Amino acid sequence: MKITGFDHGQRGVGIRNLQLILPSVVCSTHISSRIAKDVGAITFAHQHGCGIIGNDVGGISDFFCELASHPNVGTVLIVGLGCETIQGNELAEKVLGSNPQTKYLVIQESGGVAGTFESGIKQANDLAKANPVSNKELIDLKVGIESDLADSRAEELAKKLEAAGINFEIENTSKNAGISFAKLMGKGVHLIISFTSESQPPSGFPLIPTINIASKSALHMALANDFDLPASATNVQIIDLIERVASGTKTKSEISGSGEIIAPRVVRSV
Amino acid sequence: MSNLSSETSLLTGFPRPDGRIGFRNQVLVMPLHSALCATARSISQAVSGSVSATHDWSGEVDSDFERITKVLAGFAANPNVFATIFLTLNTDNENQIIKRAEDIGIANSQIIDISKVGGLAGALSLGIELAQKFVSEAKKISRVSVPWSALHLGLECGGSDALSGITANPALGVASDLLVELGAVSVLGETTEILGAEHLLAARALDPKVGEQIIETVARYERSINYEGIDMRGAQPSRGNIEGGLTTLEEKSLGAAKKAGNAPFTGVLEYADPAKKPGLYFMDTPGHDIEQLTGFAAAGINIVVFTSGRGTPTGSAVIPTIKVSTNTQMATSIPDLIDLNAGTIADGTQTLQEVGKAIFDEIIAVANGKLTAAEKGGHQEFALSRMYGTVIS
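Conventions adopted
Residues numbered from 1 in each chain as written. Chains lettered and ligands numbered in written order. Predicted model: local features only at pLDDT ≥ 70, side-chain atom pairs only at ≥ 80, totals over all residues. Heavy atoms only, no water. Helix = DSSP H or I, 4+ residues; strand = E, 2+ residues; numbered from the N terminus. Rg over C-alpha atoms; globule rule 2.2 N^0.38 Å. Contact = heavy atoms within 4.5 Å. Axes fitted to C-alpha atoms, helices over the stretch in contact; angles between N-to-C directions. Parallel < 35°, antiparallel > 145°, perpendicular 65-115°, else oblique. Left-handed = near helix turned anticlockwise from the far one by under 90°. Domains from an automatic or database assignment. Buried area = accessible area lost by both parts, 1.4 Å probe. Salt bridge = Lys/Arg side-chain N within 4 Å of Asp/Glu carboxyl O. Polar contact = N/O pair within 3.5 Å; in protein donor to acceptor, adjacent residues only side chain to side chain. Nonpolar A, V, L, I, M, F, W, Y, C, P; charged D, E, K, R; others polar. Buried < 20%, exposed > 50% of the residue type's maximum accessible area, 1.4 Å probe, protein only. Core = buried A, V, L, I, M, F, W, Y, C linked by side-chain atoms within 4.5 Å. Expected span 1.5 Å × (residues − 1). Pairing = 2+ DSSP bridges.

1. Digging into the overall build of chain B
Turning to step 1, where the next piece is worked out: Regarding its fold elements, chain B presents 15 helices and 14 strands.
Turning to step 2, where the next piece is worked out: Taken over C-alpha atoms, the radius of gyration comes to 20 Å for chain B, in line with the 21 Å a tight globule of 393 residues would show.
Turning to step 3, where the next piece is worked out: Principal axes of the C-alpha set define a box for chain B whose edges measure 60 × 50 × 45 Å.
Turning to step 4, where the next piece is worked out: In chain B, of all internal contacts separated by at least 6 residues, the share reaching a separation of at least 24 is 72%.

2. A word on the packing of helix α1 (residues 29-39) of chain A against helix α4 (residues 112-130) of chain A
Residue and element names in this part refer to chain A.
Turning to step 1, where the next piece is worked out: Where α1 meets α4, the axes come as close as 9 Å, and the angle between the chain directions of the two elements is 40°. Taken together, the axis directions place α1 and α4 in an arrangement best described as oblique. Considering only the axes of α1 and α4, their crossing is right-handed. On the side of α1, the interface is formed by Ile31, Arg34, Ile35, Asp38 and Val39, while α4 contributes Val113, Thr116, Phe117, Gly120, Ile121, Ala124 and Asn125.

3. With respect to the domain arrangement of chain B
Residues and elements named next belong to chain B.
Turning to step 1, where the next piece is worked out: By the assigned domains, chain B splits into domain 1 (26-139) and domain 2 (148-376).
Turning to step 2, where the next piece is worked out: Centre-to-centre separation of domain 1 and domain 2, based on C-alpha positions: 29 Å.
Turning to step 3, where the next piece is worked out: Taken residue by residue, the interface counts 13 residues in domain 1 and 16 residues in domain 2.
Turning to step 4, where the next piece is worked out: A buried area of about 1100 Å², summed over both sides, lies between domain 1 and domain 2, and 61% of it is on carbon and sulfur atoms.
Turning to step 5, where the next piece is worked out: Summed over the shared surface of domain 1 and domain 2, the result is one salt bridge.
Turning to step 6, where the next piece is worked out: Across the pair Lys70 and Asp273 runs a salt bridge whose closest N-O atoms are separated by 3.2 Å.
Turning to step 7, where the next piece is worked out: Taken together, the connections running from domain 1 to domain 2 amount to seven residue pairs in polar contact (both at pLDDT 80 or more).

4. Notes on the domain arrangement of chain A
Residues and elements named next belong to chain A.
Turning to step 1, where the next piece is worked out: In terms of domains, chain A is made up of domain 1 (3-135) and domain 2 (140-256).
Turning to step 2, where the next piece is worked out: In this structure, domain 1 and domain 2 have C-alpha centres spaced 26 Å apart.
Turning to step 3, where the next piece is worked out: Taken residue by residue, the interface counts 16 residues in domain 1 and 20 residues in domain 2.
Turning to step 4, where the next piece is worked out: A buried area of about 1300 Å², summed over both sides, lies between domain 1 and domain 2, and 67% of it is on carbon and sulfur atoms.
Turning to step 5, where the next piece is worked out: Of all residues in domain 1, the largest losses of buried area upon contact with domain 2 belong to Ile3, Ile15 and Arg16, amounting jointly to 40% of the total for that side.
Turning to step 6, where the next piece is worked out: For the interface between domain 1 and domain 2, the tally reads one salt bridge.
Turning to step 7, where the next piece is worked out: A salt bridge links Glu254 to Arg16; the shortest N-O distance between them is 2.9 Å.
Turning to step 8, where the next piece is worked out: Taken together, the elements giving at least two residues each to the side of domain 1 that touches domain 2 come down to β2 (13-14), β3 (18-23) and α2 (55-68).
Turning to step 9, where the next piece is worked out: Among the elements that make up the side of domain 1 that touches domain 2, the one with the highest residue count is α2 (three residues).
Turning to step 10, where the next piece is worked out: Partitioning the side of domain 1 that touches domain 2 into residue classes produces eleven nonpolar, three polar and two charged.

5. Thoughts on the packing of helix α5 (residues 168-182) of chain B against helix α14 (residues 352-367) of chain B
Residue and element names in this part refer to chain B.
Turning to step 1, where the next piece is worked out: Close contact between α5 and α14 brings their axes to 8 Å; oriented N to C, the two are set at 60°. As judged from the angle between their axes, α5 and α14 are oblique. The handedness of the crossing between α5 and α14 is right-handed. Side by side, α5 and α14 meet where Ala168, Pro170, Ala171, Leu172, Val174, Ala175, Leu178, Leu179 and Leu182 of the first sit next to Leu352, Gln353, Val355, Gly356, Ile359, Phe360 and Ile363 of the second.

6. Section: the environment of Gly158(B)
Residue and element names in this part refer to chain B.
Turning to step 1, where the next piece is worked out: With respect to the secondary-structure elements, Gly158 resides in strand β8 (residues 152-158).
Turning to step 2, where the next piece is worked out: The buried category is assigned to Gly158, whose relative accessible area is 6%.
Turning to step 3, where the next piece is worked out: Taking C-alpha positions, Gly158 is 8.0 Å from Gly287, a pair spaced 129 residues apart along the chain.
Turning to step 4, where the next piece is worked out: Look past the residues within four positions of Gly158 in its chain and what remains in contact with it is Asp289, Phe306, Thr307, Ser308 and Gly309.

7. Topic: the nonpolar core
Turning to step 1, where the next piece is worked out: Judged by nonpolar contacts, the single largest core of 55 residues is most densely connected at Phe23(B), Leu151(B), Phe265(B), Ile303(B), Ile359(B) and Ile363(B).
Turning to step 2, where the next piece is worked out: Membership of the second largest hydrophobic core comes to 41 residues, among which are Phe65(B), Met283(B), Leu293(B) and Ala299(B).

8. Quick look at α4(A)
Residues and elements named next belong to chain A.
Turning to step 1, where the next piece is worked out: The first and last C-alpha atoms of α4 sit 26 Å apart over 19 residues, in line with the 27 Å expected at 1.5 Å per residue.
Turning to step 2, where the next piece is worked out: Those residues of α4 lying buried are Gly112, Val113, Thr116, Gly120, Ile121, Gln123, Ala124 and Leu127.
Turning to step 3, where the next piece is worked out: Looking at the buried side of α4, the elements it contacts are β3, α1, β4 (73-80) and β5 (102-106).

9. Considerations on the sheet that holds strand β6 (residues 109-113) of chain B
Residues and elements named next belong to chain B.
Turning to step 1, where the next piece is worked out: Strands sit in the order β4-β3-β5-β6 across an open sheet of four strands; the sheet is parallel. Either end of the sheet is taken by a strand with one partner, and the two such strands are β4 (50-52) and β6. Geometrically, the sheet is characterised by an average inter-axis angle of 20° between neighbouring strands, direction not taken into account.
Turning to step 2, where the next piece is worked out: Judged from the six bridges that link them, strand β3 (residues 26-31) and strand β5 (residues 81-88) form a sheet pairing that is parallel. Note on β5: the bridge partner recorded for Met30 is Phe86.
Turning to step 3, where the next piece is worked out: Packing of helix α1 (residues 37-46) onto the sheet brings it into contact with β3, β4 and β5, and relative to β4 it is tilted by some 160°.
Turning to step 4, where the next piece is worked out: Together, β5 and β6 form the strand contacts of helix α3 (residues 92-104), whose direction differs from that of β5 by roughly 170°.

10. Considerations on the interface of chain B and chain A
Turning to step 1, where the next piece is worked out: With 59 residues of chain B in contact, the opposing surface of chain A contributes 51 residues.
Turning to step 2, where the next piece is worked out: Sorting the residues of chain B by area buried against chain A places Arg239(B), His288(B) and Thr390(B) first, and these three jointly supply 12% of that buried surface.
Turning to step 3, where the next piece is worked out: Summed over the shared surface of chain B and chain A, the result is one salt bridge.
Turning to step 4, where the next piece is worked out: In this structure, Glu260(A) and Arg41(B) form a salt bridge, with 3.2 Å as the shortest nitrogen-oxygen distance.
Turning to step 5, where the next piece is worked out: Connecting chain B to chain A are 20 residue pairs in polar contact (both at pLDDT 80 or more).
Turning to step 6, where the next piece is worked out: Every element with two or more residues in the side of chain B that touches chain A is listed here: α1, α4 (120-139), α7 (208-226), α9 (239-243) and α11 (289-298) of chain B.
Turning to step 7, where the next piece is worked out: For the side of chain B that touches chain A, the class distribution of residues is 23 nonpolar, 25 polar and eleven charged.

11. Topic: the pairing of strand β9 (residues 191-195) of chain A
Residues and elements named next belong to chain A.
Turning to step 1, where the next piece is worked out: Counting buried residues in β9 gives five out of five residues, a clear majority hidden from the surface.
Turning to step 2, where the next piece is worked out: The two faces of β9 match: Leu191, Ile193 and Phe195 on one face and Ile192 and Ser194 on the other face are all buried.
Turning to step 3, where the next piece is worked out: In this sheet, β9 lies alongside strand β7 (residues 142-147) in parallel orientation, the contact comprising five bridges. Looking at the pairing, Ile145 lines up with Ile193 of β9.
Turning to step 4, where the next piece is worked out: As defined by bridge partners, β9 adjoins strand β10 (residues 210-213) across four bridges and the pair is classed as parallel. Directly across from Ile193, in β10, lies its bridge partner Ile211.

Printed below as a string of structure tokens:
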């Protein structure tokens with residue numbers, strides 16, 4: 001398997017070159033999505049960044065940092081509100097350690113919505129211009145596998161990947177595939193193979209191309225169009241698709257945009 | 001305002017079949033699984049006049065299940081919603097949420113079971129078709145005169161500063177008192193923000209039992225935070241508040257409580273529970289702006305006034321949210337976030353009563369159709385309040 005990816009320096013070689021507009025708080029998610037839409041970047045809605053206490057303050061901040069430092073991410077624009085718990089400038093400082101192609105702006109200091117929108121577009125474009133990316137061979141592709149504990153296909157695929165010399169990480173869904181996706185993201189996987197639970201719909205993770213493989217459940221048969229591979233897919237077919245997706249082919253969830261980022265939280269909000 | 005009485009309401013709205021009244025005719029696309037949120041957003045972006053909610057619930061049944069289903073159902077059944085289009089996988093839990101929304105009262109609804117329409121693409125095209133149909137039906141309905149009791153006002157503050165407690169919050173209190181006097185519902189939230197002032201609120205209870213409930217609600221909140229090993233009385237005011245000039249939690253809470261004016265408290269509401277009769281209430285909500293706003297929406301609140309010292313663009317898909325600035329500097333530097341400036345009280349150019357009356361008038365204007373800054377900006381933030389986090393069940 002020879003894959004040409006994007007050289008993202010100390011973050012590694014990515015299979016995508018994504019610009020991330022990262023809202024540091026729920027209050028800036030809407031303006032972030034407007035900026036992202038205008039400049040062709042990706043972003044995500046979330047409800048975090050403020051009203052959090054205890055271990056969640058460091059936990060959510062680390063989680064945002066992991067997103068911004070992921071190998072599939074090129075440049076990052078952090079958009080904050082100004083008065084939130086996780087301050088955009090502090091998050092930016094933390095992110096800069098692992099992703100130097102990072103800037104931040106603050107709604108309360110940028111003239112409100114219109115000013116932030118205008119300045120956000122300019123900064124995002126400047127970031128992209130200032131950081132042209134070159135291609136580089138990806139020699140250490142890391143695949144994430146998400147599955148039900150009961151699904152033996154994950155183990156079988158893992159054996160084949162091992163035999164083919166491909167790195168992988170496995171997360172077994174406890175109650176929510178999104179939590180497993182988040183854990184796999186933290187481990188730096190380039191793409192995810194999801195052996196979707198029988199009662200769950202196909203889903204995805206915004207920064208990481210996610211290949212959904214169906215089961216034989218009635219729900220999955222009815223949603224066949226939204227899966228990348230049917231239940232009958234062989235390991236050879238799966239590995240073939242891994243190679244194509246790693247080389248640029250978009251997955252179904254990348255096209256539809258389905259799948260929200262689910263941040264690990266341990267404490268109630270205040 | 002002596003000419004105002006409960007007989008001469010200035011409000012116009014849209015009566016719903018269950019007797020509640022909306023001040024907007026929103027067409028809401030409500031996904032009941034996180035994996036369906038992108039499709040819901042695509043539908044609402046394609047159809048002008050429709051809105052959607054994005055959340056991270058994926059059907060899991062854990063300790064927060066009851067809280068989450070209550071909020072999703074209540075939000076979908078907010079009286080400002082003319083029609084709700086549910087996106088579902090047809091699971092028992094989702095059907096339970098829809099049933100619960102119907103029991104609260106929902107003017108019009110349609111269910112798109114994605115497994116019966118060929119998946120996400122089918123749901124998208126059917127959703128667009130249905131949303132367009134509902135939007136054009138909604139446009140044909142005229143407003144009618146409605147009583148003051150139609151108004152369920154939510155009182156909120158976020159990003160407080162040193163002026164919050166002397167300008168915007170007491171001015172909002174003036175407006176709230178007027179409306180409560182006329183027969184409206186007014187709801188103060190944010191348990192976090194009354195810590196240290198609970199005894200003052202309890203003293204204003206109509207019934208001693210309500211006073212005890214206020215004290216107990218705050219004590220319960222503190223116990224749940226202390227359980228996490230955190231002392232809220234040490235963790236507040238927040239850093240943003242300190243930068244805004246606040247020094248102690250008591251100072252912040254005394255200022256925050258002024259939003260509720262001087263009216264007596266009729267009752268205490270659990271998070272996302274509706275008020276059943278007119279009066280002033282206290283609702284147990286987090287201080288998290290959007291969890292509070294979403295809980296208000298799920299409780300059937302149909303207008304919110306949100307005071308801010310630092311400025312925030314946020315809004316709700318289903319509630320017009322009026323922003324009142326506590327200081328003139330912020331109102332001028334970020335004008336597109338703010339509907340009214342109460343900083344004039346500190347400037348000495350308007351009295352507290354004058355700004356209170358201006359907020360009262362703005363509430364009526366917005367109820368009658370005037371768009372807020374957050375509505376113009378398309379703000380539709382949504383958050384599910386969880387008591388137990390996402391990784392522990």
